[in-house]
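# Observations on the model geometry
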Amino acid sequence: MEKQKKKIRDFSWDDYGISKNRHKELKYFCLQYDEKKSQIRYGAAGMKYDGMPHASEPGSPTEQGCLSNLAIQHDCEMIEQAAIAANPEIYQYIIKSVTYDLPYEFIEYDERLGRIPVGKTDFYGYRRLFYYNLHKLKIGDKLSRYS
């Protein structure tokens, strides 16, 4: 008898090795997505001269701003990559769900995206896979094509 492959909907948090507290950490990281997206600045900002003395910090203010901007962009890209790796067909629904903490019923139909092409149970399975992918990215692992 052939061993059946486990369906995505049947994977639990324990299967992914994600504790309740780690899940909360990842969830709150995702809830900052829009805030971080709004902080991304394109182009380098120079130093503002207001005539007031300032404390000397290592590095230039422009360099510090660019490094901060890169870190924010990296955080946003991790969320996007984890969603695409979970399911490229519904990644936009996953991003909407995790960044606004919306249940399936609120994203089942979207004005811009249309109707989601998977059912509720499968969607939550892909969302758990998303969190697993994000967990791997945050600890520095690479995502395999078939996570």
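So, a few notes on the structure that sits alongside this text. Just so you know, the residues in each chain are numbered from 1, in the order the chain's sequence is written. The model is predicted, so local features are restricted to residues of pLDDT at least 70 and side-chain atom pairs to those at 80 or more, both for listing and for counting; the totals for chains, interfaces and linings are taken over all residues. By convention in this description, side-chain values take in all heavy atoms of the structure and omit both hydrogens and water.

What follows concerns the pattern of salt bridges. When the charged atoms of two side chains lie near each other, side chains of opposite charge can form a pair. Each salt bridge in this description consists of a side-chain nitrogen of Lys or Arg and a carboxyl oxygen of Asp or Glu lying within 4 Å of one another. The final tally for this structure, using the stated rule, is nine salt bridges. Taking the shortest distance from any N to any O, the salt bridge between K37 and E80 comes out at 3.2 Å. Pair noted here: K37 is in helix α3 (residues 33-39) and E80 is in helix α4 (residues 61-86), with a separation of 43 residues, a long-range link. One salt bridge in this structure joins D110 and K96, with 2.2 Å as the shortest N-O distance. Note that D110 is positioned in strand β1 (residues 109-110) and K96 in helix α5 (residues 91-100), a separation of 14 residues in sequence. Residue K96 is classed as partly exposed on the basis of its relative accessible area, which comes to 24%. Helix and strand assignments follow DSSP, with helices taken as H or I runs no shorter than four residues and strands as E runs no shorter than two, numbered in order from the N terminus. Throughout, exposure labels follow a simple rule: accessible area from a 1.4 Å probe, protein chains only, divided by the maximum for the residue type, with under 20% read as buried, over 50% as exposed, and the rest as partly exposed.

Helix axes are fitted to C-alpha atoms over the stretch in contact, other axes to C-alpha atoms as well, and angles between N-to-C directions run from 0 to 180 degrees. Where helix α2 (residues 20-31) meets helix α7 (residues 120-138), the axes come as close as 10 Å, and the angle between the chain directions of the two elements is 90 degrees. Of the possible angle classes, the one that applies to α2 and α7 is roughly perpendicular. The residues of α7 that touch α2, namely those facing R22, H23, L26, K27, F29 and C30, are F130, Y131, L134, H135 and K138. Broken down by class, the residue content of the contact of α2 with α7 amounts to six nonpolar, two polar and three charged. Geometric relationships in this document are graded by angle, where less than 35 degrees denotes roughly parallel, more than 145 denotes roughly antiparallel, 65 to 115 denotes roughly perpendicular, and other angles denote oblique. We call two residues in contact when some of their heavy atoms are within 4.5 Å. Residues were grouped as follows: Ala, Val, Leu, Ile, Met, Phe, Trp, Tyr, Cys and Pro as nonpolar; Asp, Glu, Lys and Arg as charged; and all remaining residues, including Gly, as polar.

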